[in-house]
Every structure is written in C-alpha cells, then in structure tokens.
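For reference, the chains in residue letters:
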There are 2 protein chains.
Amino acid sequence: MARITFIGLGIMGAPMARHLKMAGHQMTVYNRSRSKAELWAKAHDGTVAQSPADAAKDADVVIACVGTDDDLASITLGRDGAFAAMAKGATFIDHTTVSARIARQLAVEAKSRGLFCVDAPVSGGQAGAENGTLSIMCGGGGEAMAMAEPVMQAYAKRIVHVGGPGAGQTAKMVNQIAIAGILQGLSEALHFAQCAEVDLDKVFEAISGGAAQSWQMDNRWQTMARGEFDFGFAVDWMRKDLGLALDEARANGASIPCAAQADQYYSDVQYMGGGRQDTSALIRRLPKR
Amino acid sequence: MARITFIGLGIMGAPMARHLKMAGHQMTVYNRSRSKAELWAKAHDGTVAQSPADAAKDADVVIACVGTDDDLASITLGRDGAFAAMAKGATFIDHTTVSARIARQLAVEAKSRGLFCVDAPVSGGQAGAENGTLSIMCGGGGEAMAMAEPVMQAYAKRIVHVGGPGAGQTAKMVNQIAIAGILQGLSEALHFAQCAEVDLDKVFEAISGGAAQSWQMDNRWQTMARGEFDFGFAVDWMRKDLGLALDEARANGASIPCAAQADQYYSDVQYMGGGRQDTSALIRRLPKR
C-alpha cells in the first residue's frame, strides 16, 4: 500500500479519496478551504497538510482534483506547490479537466524533476465517484501509466491509456463535443414534440432503440420533459469544458460549430439561473410555444 | 388472409411487400415505373395493376410507400388515384415519410369516404425492411389502427400508435431532429480528435458506454473514420425529412436551430456528391486539417 496525497476534496475528490482509504492506502489530504480537508480527515483517519508542498513531500503518489488550469498550476508549480516537494520517482495524477496545453506542460516539468505524470480526466459524475465506477481517460508515458493505474483502480470501472501527455484531456474534450450535439438535438426534438402536442411517452417509445438512441435520450428525456435538472453534471462545468475544447480547436484547426453554438446556449441557461443544474437543462431555453 | 395492394416497390416497399406475400396475403402491386412492378409480381406471384385506382378497387388494404407529398397526393387523390376506387371499410396505410399536414388531409378524405387511414412512417432502413424488423410510428384512429396493425406485423418489430392523424409523421420528425444533432456532434467530435492527432480507437474506447454514447457512435464512428458511407440512410432522404421538420416547426412554433444548420450542412454533402451516401457522411465537410 502507498502513501497517497489527495489535493482537492470537492464533490468528486472527496469520494475518490475515500475509495483510496478503503483500499488501504495511507492518506494525506489538502484542500484550499481547510475545513473540508479537516472534515474528510476526521471521517477517514487521514492527515491534513498545510500546503500542497507539505502534502506532497512524503508521498509516493500525489493526486489532484481541483477546478481550473490556474488552480492546477498553483498547486503544482506555484509557491508551496507540490512538484518542488515531491521525491524523485513519485507519481502525479491529475483528475482535473484542464487544457491539453497545461497537461503537456506539467508532463515536461515532471520529467525534468524525475517525476511520473498522468493527465487523467474522468467521466461518470458524482455518482461515478461515489460508487467508484468512473471512466478515466489517460495521457502520459507507459511508465507513468504503470505507476498510476493500480492506484486509480480504487475508483474506476474503466481506465484507458489514450496516448502521450495531454491525450487524456483531448479525449475528454471529444466526449463533451459529442454530448453537446446530442443534447442540443435531443432538446430540439423534445421541444418540437411539445410544440406539436403529441403524446411524449408514445413518441419516445416509438423512436427509442433506433438510430436516434443515445444515453442522454435513455436517461434524460423524461426528466427534461418534467423540468427536473437538480442532479447530474453542472452547466457551469460543461461551459468550462466547452471553453477548453473551443480553445484547443482554435489551436488544432478543428471546426466545431455545434459545440460553439451549444456553449452560447449554455450561457443563456446560466443567465436563467441554471448554472448548477444538469447539462440537460439546455432545453430550458426552449419552453413549449 | 387479406387482399392487399402495395403501391411503391422501391428499396423499402419491395421487401415489405415480399413479407406480406410470405405471410399469405393475396398481393396486387403498382409502381410508377411499371418494370419494377412486373419484376416483383413475377418473383412473388403477384398481380400487376394499371393504375392506383385499378390496384385499389378490390383491396381490403392499400399500402403506399412512395417518395414525397406530391407522389402520395397523386396516388391517393389524383386522377386514377386509389381513394375513389377503394371499397367502403377498406384501410389505407401510408409508410411514406411526408408532412403531418397531408397525413391529416388524407385522414379527413378517408373518413368522408368511409375508409380507414393510418400514417405510418418507418425507421430501420433498408436492412429493417429486408429483415422485417422495422419500427413503425403510427397516427390515426383506434379502429384504423386495429385494421392496420395485424397487416404491418409482417415486417415490423415494433409498432407504436403515437396518436391521431399526423402523429406518426410528427414522431418521425422528432426522430430525425434528434439524429441531426447526434450526427453533427459526433462528426465534430471525431474531426476534433483527428485534428488533435490522438489514437481514435483509444479515444472512442475511453468515451463509449458513457454519457456521450449513442447508436450512431456505436455503429458509425469507425466507418466515418474510414470514410465509408455507401450504405444506410441516404443524405438525400435526410434532407427531405429535415425539410418536412423545418416546415412543421414553422407551423407549430418550435425552434430547431441545430436541425436547420445540419440541413444546410447536408446541402454541402450533396454538392460533394454524397446525396446517396449514409447520413454519417456529414463528416465529409470536416476533413482532417
């Protein structure tokens, strides 16, 4: 069993760290709001650190699950950041959804310090973190993956090594671009059915299981029709992710007009007070007419 | 067993009529290009009619699977059309994807003549017709459905009575609107992954089975990546269907911007020579950059 440091005990990080504790690892935790770290440590017999550096100095593995590129840069390379404190041969795993650019930058910094580094954004949401059934998309070298994979098994149902540094982040963007199209299409389809005043149960019974089938249709059309959005993956985070994808597309030359449009529509949903609601709240822009 | 007339022996109609013959019905067929009707009748021991009226005059059930609103109006209400020739109490089933408006108009005309009428567009494509596993979305009255359903069982795996006249056509539009969003999102996602130069097998392994899952992703991402489009549901027909949905949305007030955009993108694909290719050819607009 390893000495593991977990940085970022939000709704995703806290249950992931709990699974690591349950797997028998020795846990040290750090959180920007110290109270969350203390609460977690008290509940799970962990050690609270004063800073990312303090948290990282004796760790075999340092795991981050924070918010943004800036947050990640701060806890790794900033003042009292983890990287300078980590021992040679230690492994850094980043579960934050960030730009592929910073993922590649951290991989370079890690290598120069003799550290292993994996960018490993997740999907599966809060439920996946709680149940230990996340899907993890990984970017990094083979040795780094070999170090990280057994640790991540504690909370994953699927771990895919997509490619070199940044490839995990790229895969997450591909995921979100596909979802943006699906949810805009599903929103328009449901809205159209409502405007046409047909029986929604019958319509979706008729079209489910065919070429229009999607996880989102299977799991969300009914909650969308009922106006229930207080669960799932938040619009605010979807906007962050689509922003990352749009930045990356500007760099790699890809044209993603539907994702760009959905990003703007999500801005409407935020303005309507839906920032913390599930991404399926996209249909709130389209009430029955 | 019934006396059934089948009008329109295209790639969908011909195998549907064959399933009816196999079910033991007495078949009369009509096709605008007479040679197709003769070919079918020779192969399946059917009778070739001179006109829709000639085809319909002794039928218990008249089934149409033609191309457009105009085609349908012509074979039902036009000169030598079926409706004037049909006996009271006979049933008309329309499998053409047409406007909800003409479906409602035919229902009114049928009622005034003592006929039963069901609008019954299908999904499942040529393979579904060949294998007798179509999904059928139906609009019409309860009595009409009771007459039509046992007949349609010959080539359906699922028959849903969505609602009154036109409701079957509306459900088909809902289906196509959802597919337009899914395919545009999937095209952008795959294109983005290609531009980012990540391993496509790994990326789709990582994101499949999660919130981005769709029938289209499961069945089309690999053929899209390989540039294989010579199968499936044709772009030309998708444009027709999206045109029907856009017309209907203009009438019922729905806002379907992604479907409208996809319709324009499909126009590009037609211009690139892809009119007869599968709808997944949408990605042809987005070659790797």
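In this text, all values refer to a predicted model and were calculated from it rather than measured experimentally. (Residues numbered from 1 in each chain as written. Chains lettered and ligands numbered in written order. Predicted model: local features only at pLDDT ≥ 70, side-chain atom pairs only at ≥ 80, totals over all residues. Heavy atoms only, no water.)

On to the interface of chain B and chain A, then. Taken together, the contact between chain B and chain A spans 58 residues of the former and 58 residues of the latter. In terms of surface lost to chain A, no three residues of chain B exceed V174(B), E188(B) and F192(B), which account for 14% of the buried area on that side. Taken together, the connections running from chain B to chain A amount to zero salt bridges. Linking chain B with chain A are 17 residue pairs in polar contact (both at pLDDT 80 or more). Listing elements by their share of the side of chain B that touches chain A, those giving two or more residues are β8 (134-139), β9 (156-163), α9 (167-195), α10 (200-207), α11 (215-226), α12 (235-252) and α13 (257-271) of chain B. For the side of chain B that touches chain A, the element with the highest residue contribution is α9(B), accounting for 19 residues. (Contact = heavy atoms within 4.5 Å. Buried area = accessible area lost by both parts, 1.4 Å probe. Salt bridge = Lys/Arg side-chain N within 4 Å of Asp/Glu carboxyl O. Polar contact = N/O pair within 3.5 Å; in protein donor to acceptor, adjacent residues only side chain to side chain. Helix = DSSP H or I, 4+ residues; strand = E, 2+ residues; numbered from the N terminus.)

Given two aromatic rings, their pairing is described by the distance between the two centres and the angle made by the two planes. All names here are of chain A. Scanning the model with the defined rule gives four aromatic pairs over all chains in all. Arranged with centres 5.1 Å apart and planes meeting at 80°, the rings of F83 and F92 form a pair that is edge-to-face. We classify F83 as buried; its relative accessible area is 1%. One Lys or Arg, R285, reaches over the ring of Y265 and ends 3.7 Å from the middle of that ring. (Phe/Tyr/Trp six-rings, centres within 6.5 Å; stacked < 30°, edge-to-face > 60°. Buried < 20%, exposed > 50% of the residue type's maximum accessible area, 1.4 Å probe, protein only. Lys NZ or Arg CZ within 6 Å of the ring centre and 35° of its normal.)

With that settled, the discussion passes to unusual backbone geometry. Even without glycine at this site, D45(A) takes up a positive phi of about 55°. As for its placement among the helices and strands, D45(A) is situated in the loop between α2 (34-44) and β3 (47-48). The exposed category is assigned to D45(A), whose relative accessible area is 62%. Positive phi, close to 60°, is recorded for D80(B), a residue that is not glycine. With respect to the secondary-structure elements, D80(B) resides in the loop between α4 (69-77) and α5 (82-85). Under the relative-accessibility criterion, D80(B) is labelled partly exposed at 43%.

Right, let's talk about the domain arrangement of chain A for a bit. All names here are of chain A. Looking at the assigned domains, one finds that chain A contains domain 1 (3-164) and domain 2 (170-285). Computed over C-alpha atoms only, the centres of domain 1 and domain 2 are separated by 29 Å. Residue-level contacts link 13 residues of domain 1 with ten residues of domain 2. Summing both partners gives a buried area of about 860 Å² for domain 1 against domain 2, and 61% of it is carried by carbon and sulfur. The largest per-residue losses of area from domain 1 upon contact with domain 2 belong to T97, A100 and M137, which jointly make up 44% of the total buried on that side. Run the count over domain 1 and domain 2 and you get zero salt bridges. At the boundary of domain 1 with domain 2, the tally comes to four residue pairs in polar contact (both at pLDDT 80 or more). (Domains from an automatic or database assignment.)

Among all positions of helix α4 (residues 69-77) of chain A, only D69(A), D71(A), L72(A), I75(A) and T76(A) are buried. In an axial view of α4(A), the angular spread of the buried residues amounts to 160°, which keeps them on one side of the axis. (Arc of directions from axis to C-beta.)

Any two side chains of opposite charge can pair, on the condition that their charged atoms come close. Across all of its chains, the model carries 28 salt bridges over all chains by this definition. Among the ionic pairs, R3(A) bridges to D60(A), the shortest N-O distance being 3.2 Å. Of this pair, R3(A) sits in strand β1 (residues 3-7) while D60(A) sits in the loop between α3 (52-56) and β4 (61-64), placing them 57 residues apart in sequence. Residue R3(A) is classed as partly exposed on the basis of its relative accessible area, which comes to 39%. Take D60(A): its relative accessible area is 30%, and that puts it in the partly exposed class. Residue R226(B) is joined to E228(B) by a salt bridge in which the shortest nitrogen-to-oxygen separation is 2.9 Å. On the accessibility criterion, E228(B) (34% relative accessible area) is partly exposed.

Before going further, it helps to examine the environment of A64(B). All names here are of chain B. Looking at where A64 falls in the secondary structure, it is placed in strand β4 (residues 61-64). Assessed through its relative accessible area of 0%, A64 is described here as buried. Along the backbone, A64 and M86 are 22 residues apart, and their C-alpha atoms lie at a distance of 14 Å. A64 has contacts with I7, L72, I75, F92, I93, D94, H95 and T96, leaving out every residue within four places of it along the chain.

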